[in-house]
Structures are given as C-alpha cells and as structure tokens.
Amino acid sequence: MVMLDKTYEPKSLETKHYDRWEADGAFQADVDSPLVPYTIMMPPPNVTGSLHMGHALTFTIQDILIRYFRKSDRDALWQPGTDHAGIATQMVVERQLAERQINRRDIGREKFVEKVWEWKDDSGGTITRQLRALGASPDWRRERFTMDEGLSKAVVKVFVDLYRQNLIYRDKRLVNWDPKLMTAVSDLEVQQIDVKGKLWHFKYPIDGEDGRFITIATTRPETMLGDTGIAVHPEDERYSDLVGKNAILPLVGRKLPIVADDYADPEQGSGAVKMTPAHDFNDFEVGRRHDLEIINILDAEACLNENVPEAYRGLDRFVARKQVVADLEAAGLLGIIEDITHAVPHGDRSGVELEPWLTDQWFADAKTLAKPAIEAVETGKTRFVPKQWENTYFEWMRNIQPWCISRQLWWGHQIPAWYGPDGEVFVAFDEAEAMALATAHYGQTTELKRDEDVLDTWFSSALWPFSTIGWPEETPELKRYYPGDVLVTGFDIIFFWVARMMMMGIHFMGEVPFKDVYIHALVRDEQGQKMSKSKGNVMDPLVLIDKFGADALRFTLAAMAAQGRDIKLAESRIEGYRNFATKLWNASRFAEMNGCVHDPAFDPKSCSQTVNRWIVGEVARATDRVSEAIEAYRFNEAANALYQFTWGTFCDWYLEITKPIIAGDDAAAVAETRAATAWALRQLLNILHPLMPYITEELWEQLGGDGRLINTAWPVFDESHLDTDAEAEIGWVIRLVTEIRSIRSEMNVPPGAKIDLLIKDADASMADRLSRNQEVIQRLARLSSVAAIDGELPSGTVQGVVDGATIALPIADVVDLSQERSRLGKDIEKLDKEIGKLSGKLANENFLSRAPEAVVEENRDRLAEEKQKRDKLSQALRRLEAV
C-alpha cells in the first residue's frame, strides 16, 4: 500500500485533480436531471483581465456555493463566460498596432475588428486559465462570450424591441467624454483624482449698470466662453434685485440672464454661479429648468471650436485656460486666485481629464425600466445580503438618469441603426430589414449609412442571466436555469450591472434574474488600505497560490469574508491556513499509520466507546453548522466551524484521547476506534471540500475513498447521531483539561513539570467521570496524580472552577509565587497605560474626524485586544493572591 507523503506539496496535485475533474465532467450541469436546479451566473471578467484579489474573493465564494449545492442533491449550473470589454480590449490592440506604427484608422474598421478577434483567440483565455488555478469549477462546456453569435443576436433583439417600445431613443445630452479615446465613457470608468489647482474669481459687468459687477468663481476658466447664465439662490438678499436682469459675458459680449435657483449655495464663494449648460452636469439641469441657451465650445479632442471668439478657436483647452485668464486680467476683471486641491474626473483607461460634453448619443429610458426593478426588491422577490445594500440600490434607482448606451468605438456590438440621406433613422434586426423600412418610408430604394457607434459594454452584460442560456430562443436551459439563485458581486457595480440586469431581466423574462444578491466586501492590504499599483501594496493571487497553494488562499478569503466588513489581508494569514492544511495532512497520515481504514460496514450509530459516540455527534453538529453558514452566506462562520472542528475537536481532542485505545489490547475497542476515526476523517474531508477542494480530494483518493470527492453527496445527519451522555462526559473532560492548561500557562508552570490535581465538591457523577477518564486527563494535562477530596484544600494551591467543582493545583514547588505576582502586576500596569493611550485617542474627536476609517477600526481592535489581555492577566493575579 502506498503511504501518504510526509509533507503536502500542492503544486503538482492541484493540476492533477483539476484536469481530472474537468475531463470527468464533474462541473457539468444536466438539463435533463430530475434534481432541483441551482444556478449562479458568473460575473464575466474582462477578456483582457488577469486574476486579482477581488476576482479571487468573488470566485472563491461562488465556487464554495456551487460545490456545496452540487453535493447537496441539486443540479448545479455555474454559467461561465467573459466580457468583450469594449474600451479595454480596443486599447490593448491599438497599443499592439502602435508598436508596429499602425493606426487603426489607417487599416479601417473591418480590418481592425479582425485584429481584435485574432488577439482574443490568441490571448483572451488568460483569465479563464487563472480561474482554473484557483480551483473554480464552472461548467466550462457552456462558456460564453458577450460578442459570440448567440449573445450578439440577443443584444440586437433587445435594442430593436426597446426602440420600438419607445424605451430607447437618440438625444443630445451631456456625457462623460474622453478626449483622448474620443468616446463617451460610463460612470464606472470615471476616476476621481485629487489634483492641485486654482479657483479663479472673475467679475462680470451688470448690463446697464456701469461700475457694478457680479463675481463668480471657476476652476475651468476656458468654459466661461460657453456661459449662458448666472444662478443665485432665491433667498440670497445680496442678489435679489439682480434676478431677472442680465450680466455681460466678458471677452464675448453675450448677455447672461441672472436666474434664481436652489442649486446656488449662498455659503460657497460669492454665492453666484456661472452657468455653462454644455459643459457641466449640474449647469445642464439648471439650464433646462430656466431655458438657458446650450452652447458647446469644445470639439471631440477638447479643443475650442467655432462657437468661441476667433482668438481662441483651435486652442487646446488648457492653452485656452491660460489665455482666458490673461485676457481677463488685462481687462481688469480678474479677482483673487485661490490655491485649492479638488477632485477632477479622469478616464481610468486613458488617464486624461474628462469633459462633460454635449453630443448626440443613444439613451435608454432607465426611469421606466427601473420601476418594476425597484418594486421587486421592495417586495422581496430579490433580496440583498447584507440587507443594507438595498439602500444603495434604492438610492440610485429612485434617482436614475437616462442611460447613455452608445460608445464611439469600433470594438463592440455595433448599433443596429441606419440613416437615410435626410437623417431619418431606421432601427432593424439587420440591413435587409432596414432597407425594407427605408423603401417603405421613401417610396424607393435608398442608400443607407449604418450608425458607427457601438453599445456600452454594460448593455450586453445586462442580458447575461438569460442570453447565456439561449434567449431569445426558448431553450430547455432557459426554462430550467432562469431565474438564478444568487448573484455574487462587489458593491461597486450594484449600479452598473446588478440594477441593469434587474431591469432587463424583468422586462424581457417577466421575472427577476436572481433571488439573492450577495455583496462581498473589498480585499485591502493588512493596514486596511486599498490595493493599488501606485502604493506598491498589490497582492497577486497567482503568486500566493504558487507559494502557499490554492486551498490556503481560498480558506483565508472565506475565513475573512465577514458580511459587511472589508478584508484586511496579510500574507501571514495565508501562511497560517497553509499550516492548517499541513495539520490536516499530518492527521491523515497519523490515521493511516495507525490502521484507521475506511470500513464500508461501519455504523456510526452503533459505537460503544464514549469518545467514538461523542465524535459522531460532533461531526453531525459541525456539518450542520457549516451547511447553515454556507446557505446564509456567512462564509467566515463556515470556515471558523471547519477550522475549530478540524484543528480542535478532531486533531487536538479526539485523536489525542483515542491514542491509548488504538494502542491498547481491547481488540473490539481498537477496531471500532480505527473505523470511527476513518469515518470521521472522511466526513471532515467531505464538508471541508467546498473551501479546500484540492487537499481534500487528494486525501480522499489516498485514503481509499469511493469515486471522486467532488461528486460525493453532502453528509446528512439527524438526532439519532447525537449522544447527550457522551457529549456531556467528553465535554467535561475537555473543559477540565482546558482549565488546567490555562492555569499552568497563566502561572508560568514549566511545560515539562508534572503537578497534582485536587478536585473539591465533585458530585457522584463527576467522580465517576473522573474515574473513567483519569488516565486521559493526567496525560493531556501533564499531571502526576488526580484525586477528589472532601476536606479543606492545602495551602499553596492555585484554584479554578469547572462545572461547580473547585480544582486546585499545588504549584508552590515549581513556581516562585512572589516573582509571578510581581511579573503579573508589571504586565497589567503596562497594559493599563496602553489602554489609556488608545482610549484617549478614540475619544479624540479630531482623530476620529481626520483618520481614515481603517485606522480608526484598527485602533478599536487593538483596544479590545489589550483589554482582553489585561482581563486574563488580572484573573491570573487574583488566582495568585488567593494562594
């Protein structure tokens, strides 16, 4: 028989088991299965992406769920796929072409798109290969891509249907414009960066009142050339007589109506705000309310256009800024200049400052689509976990704006709209239908030009829950796997993806796309800082997997995934859970070397040994705790239950308590204990598998498991597996030994020293337990003798209480009691000082208002830890003072 290796080496074993699982079809759902379906739609990572810690967390959580429900008699579908990632992918390919001095416009759209597909075929599988390294187990046969033929067909149908339902339209509105990429970008692609800038104050003359001015302030002087009004607050008495009058726009001469609007804040600056409706989102809304003129002064590259005085035409926006300030200063209209730091929107891909820009774009009527999606969460058809994220969802959905769905790119779903010579638009499923519509409209065959824009990536992603399983065709998969059971995602895309899937799913499928939305937290560094390349604190999951194994990383992320709390990840934590894997490996080797072999005939309910009846009950309780935690999305509680059971209950207690039985002469007891040990270990491997799939599969195979563990049913237990008498007896032994060990540690009793134990006030039941378990107690607590007494306890003993009985340890011969009292007093004094310092800091309003939340939280945690240490030492000192 081949024995387990001395140490667990995950690298080669991970590849071996993953390849086998995939080859065996272990991840596959079965549309014809009689089992109840369980569906998770994988949030499609960008095809350009590489695995980062956020991916590692979200896909670990999803894999835990899918492995658990796959074992729990469910037909589990985890639907995989990748997103075409419009801007990101186009930029990757453009950079590659630029290295060969090729511009995409030189080769044209068709050739460029061919190049993107070539790149996708050659390099687009990186992220899915990395997901395999993590142990993710989706049904890879069903992998989809947002630009594949089926999903593209779904996108066209949705666009055409929504257009014909008047829920998609073309309009001239402000968008986030990237002048480098020359496209509109979504809010998610806007990065607010704090920059040092200036706040310039300018004086605008009042029309018809010589010598009177109204002062405005701006961080973007060049935009003043597009001003069409000035807003003041209706209750601001300084300007009440100016409302209804005009100011004169310097350098241009245009009259600017002065209007009263609540948007103007009397406490900010002068209280008067210049209105540039074509270049500021707030100004645009004020302009609409007061019918102000909308004048676009920038072109697509953020240079000033023909709508400004000739001296500024063609200037870059930043060059124009300097020129405008200089000209206003020369005219005597420049006031004070303040140095400020302010947030400026930048494109996260291009890195340049974005411009609110007025342009013709396609929009979806998000407000109408949002109504049933709001109602679905209000009525509980879809629930958020944790529940507080419902508020974020409602806040955005109830204040939703028209959704700009067009992008000025070449890579993506080209908008199915064609234009006639007079600008008439024909939205159709294909060019043939568009031509037919045009012929009917014009009365003759007419040349059409297709809209060059593509759809926002989030448009196709919004259809993911139903387009990936066959819609618009009525497939068996669509009928069976929609709606999904849960969506697992981060809070940052509640607006951009979750809400839009809700809108589209309800509109086209008639019901919500998923029953639960589990929102996980961020993975931060060990100081609680957000990971970023600029800070140099990025942790690469692939490096960590290579160093510690995928199981250690997965278990760490699960153990730290407390609902509503960000993960502060330290490499030492991962190393700690690698040690946990080693502990499991060593326990399995111990079982193997001691003949603990799986016995198919073993009945866990027939055990005669108390400790074996106890471990059967503990296995049942641990299994229930893990099941309940996973089903409630409390992954940290599942990991904690597994850790405590594995390291504590099974390794530290059961294996230690049963060592003398296995080494003993009672053949029946030996056989039962070996079988019970093998049985308990098998159950442990089974319930640990969703979190640590590789090591559990390897041990299952090596220890003679039937078939693959991934396909083995989740264990089910009931009350008949519990034995309250065994639980009470072994529980008492554990409490007694734990208390003795605690006292030894507190009193600095040398580890090798054997001492006596005296138990006072033990009732008959406890005396019987003591008699039955004396050898185990002496061995585990390192005692020379154990005795129950009725009289007074001798002097020089340190005392404790276990289940109403007093336990006493005579330690005067092995510990200098006076020295220990002095040591404990000094340690407590030191802790009191640290507690006072931390308490003072946390009571300081200045610290609380200025320190990052993560720093405040870290100080609170430290305070709690220091108090806990002090309480423990104080208890030890009280024990000593009672001697």
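Located above this text is the structure these notes cover.
Reference entry: report on the structure contained in this document.

Reading guide: rules and limits
Counting restarts for each chain: residues are numbered from 1 in the order of the written sequence. Only residues with pLDDT of at least 70 are given local features in this predicted model, and only at 80 or more are side-chain atom pairs given and counted; all residues enter the totals for whole chains, interfaces and linings. The side-chain values count all of the structure's non-hydrogen atoms but skip hydrogen atoms and water molecules. Here a helix means four or more residues in a row that DSSP labels H or I, a strand means two or more in a row labelled E, and each is numbered from the N terminus. Throughout, a residue-residue contact means that at least one pair of heavy atoms, one from each residue, lies within 4.5 Å. Accessible surface is estimated by sampling points in the Shrake-Rupley manner with a 1.4 Å probe; for residues, cover comes only from the protein chains shown. Positive: Lys, Arg. Negative: Asp, Glu. His and the chain ends are not part of the count. For the purpose of locating charges, the reference atoms are NZ of Lys, CZ of Arg, CG of Asp and CD of Glu. For the purposes of this section, nonpolar cores are sets of buried Ala, Val, Leu, Ile, Met, Phe, Trp, Tyr and Cys residues that join through side-chain atoms within 4.5 Å. Think of it in three bands: with a 1.4 Å probe and only protein chains considered, a residue is buried below 20% of the maximum accessible area for its type, exposed above 50%, and partly exposed in between. We define a salt bridge as a contact between a side-chain nitrogen of Lys or Arg and a carboxyl oxygen of Asp or Glu at a distance within 4 Å. At least two DSSP bridges between two strands are required for those strands to pair. Lines fitted to the C-alpha atoms define the axes, with helices restricted to the stretch that makes contact. Angles between their N-to-C directions range from 0 to 180 degrees. Should an angle lie under 35 degrees it is considered roughly parallel, over 145 roughly antiparallel, and from 65 to 115 roughly perpendicular; all remaining angles are considered oblique. Residue classes follow a fixed rule: Ala, Val, Leu, Ile, Met, Phe, Trp, Tyr, Cys and Pro count as nonpolar, while Asp, Glu, Lys and Arg count as charged, and any other residue, Gly among them, counts as polar. Only centres within 6.5 Å qualify two rings of Phe, Tyr or Trp (six-membered ring in Trp) as a pair; their planes then separate them into stacked at under 30 degrees, edge-to-face at over 60, and tilted for everything else. Here, a charge over a ring is recorded when the distance from Lys NZ or Arg CZ to the ring centre is within 6 Å and its angle to the ring normal is within 35 degrees.

Along the protein chain, the regular secondary structure elements total 27 helices and 29 strands. Over its C-alpha atoms, taken along the principal directions, the protein chain stretches across nearly 110 × 65 × 55 Å. Residue pairs in contact within the protein chain that sit at least 24 positions apart in sequence constitute 78% of those at least 6 positions apart. Approximately 39,100 Å² of the protein chain is accessible, and the part contributed by carbon and sulfur atoms is 47%. Across the protein chain, the centroid of the 104 positively charged side chains sits 3 Å from that of the 140 negatively charged ones.

Met53, Leu65, Phe555 and Phe650 are the most contacted members of the largest nonpolar core, which totals 145 residues. The residues touching phenylalanine 650, leaving out its near neighbours within four places in the chain, are Ala587, Phe645, Leu655, Thr677, Ala680, Leu681 and Leu684. Among the nonpolar cores identified, the runner-up in size contains 62 residues, and Ala366, Ala373, Tyr419 and Phe459 belong to it.

What follows deals with the pattern of salt bridges. Where charged atoms from two side chains of opposite charge approach closely, those side chains can pair. Taken as a whole, this structure holds 61 salt bridges when the rule is applied. Its salt-bridge partner being arginine 67, residue aspartate 63 comes within 2.6 Å of it at the nearest N-O pair. Taken together, the residues aspartate 63 and arginine 67, both in helix H2 (residues 53-71) and four residues apart, mark about one turn of the helix. Overall, the relative accessible area of 0% leaves aspartate 63 in the buried class. Looking at arginine 67, the relative accessible area reads 1%, which means it is buried. Across the pair aspartate 516 and arginine 383 runs a salt bridge whose closest N-O atoms are separated by 2.7 Å. Separated by 133 residues along the polypeptide, aspartate 516 in strand S23 (residues 514-520) and arginine 383 in strand S15 (residues 383-385) bring together distant segments of the chain. Judged by relative accessible area, which is 11%, aspartate 516 ranks as buried. Salt bridges sharing partners connect three or more residues here, namely Lys16, Arg20, Glu698 and Glu701.

Read from one edge to the other, the open sheet built from three strands follows the order S8-S7-S13, with strand pairing classed as antiparallel. Of all the strands in the sheet, just strand S8 (213-218) and strand S13 (334-347) have a single pairing partner and so form its edges. Between one strand and the next, the sheet's axes are offset by a mean angle of 20 degrees, whatever the strand orientation. Where strand S7 (residues 190-205) lies against S13, twelve bridges are found, and the strand directions are antiparallel. Bridge pairing links glycine 197 to isoleucine 340 in S13. Here helix H8 (residues 317-330) sits on the sheet and contacts S7 and S13; the angle it forms with S7, its principal contact strand, is near 25 degrees.

Let's shift gears to the packing of helix H17 (residues 550-559) against helix H22 (residues 693-702). Between two packed helices, what matters for the description is the angle formed by their axes and the separation of those axes. Two elements in contact, H17 and H22, have axes whose closest approach is 7 Å; the angle formed by their N-to-C orientations is 125 degrees. Relative to H22, the element H17 is oriented oblique. On the side of H17, the interface is formed by Ala550, Asp551 and Arg554, while H22 contributes Pro693, Tyr694 and Ile695. Considered class by class, the residues forming the contact of H17 with H22 number four nonpolar, no polar and two charged.

The final tally for this structure, using the stated rule, is 40 aromatic pairs. Ring geometry for tyrosine 633 against phenylalanine 635: centres 6.4 Å apart, planes inclined by 55 degrees, an arrangement best described as tilted. Classification of phenylalanine 635 by relative accessible area gives buried; the value is 1%. Put simply, the rings of Phe159, Tyr163, Trp362, Trp403 and Phe459 pair up and form one aromatic cluster. Sitting above the plane of the tryptophan 21 ring, arginine 67 keeps its charged end 4.6 Å from the centroid. The ring centre of phenylalanine 394 lies 4.1 Å from the NZ or CZ of arginine 398, which sits over that ring.

Here the focus is the pairing of strand S14 (residues 355-364). Counting buried positions along S14 gives nine out of ten residues, so the element sits mostly inside the fold. As judged from the ten bridges shared by strand S5 (residues 168-178) and S14, these two strands associate in the antiparallel manner. For arginine 170, the partnering residue across the bridge sits in S14 and is tryptophan 362. Two strands pair when backbone bridges link them, and S14 and strand S16 (residues 403-404) are joined in this way by two bridges, in the antiparallel orientation. From the neighbouring strand, alanine 364 faces S16, where its bridge partner is tryptophan 403.

The strands that make up a sheet are held in pairs by hydrogen bonds between backbone atoms, and each pair lies either parallel or antiparallel. The strand order across the open sheet formed by four strands is S10-S11-S9-S12, and the pairing between neighbours is mixed. Looking at strand neighbours, the two that pair on one side only are strand S10 (246-248) and strand S12 (273-275), the edges of this open sheet. The average undirected angle you get between the axes of adjacent strands in this sheet is 30 degrees.

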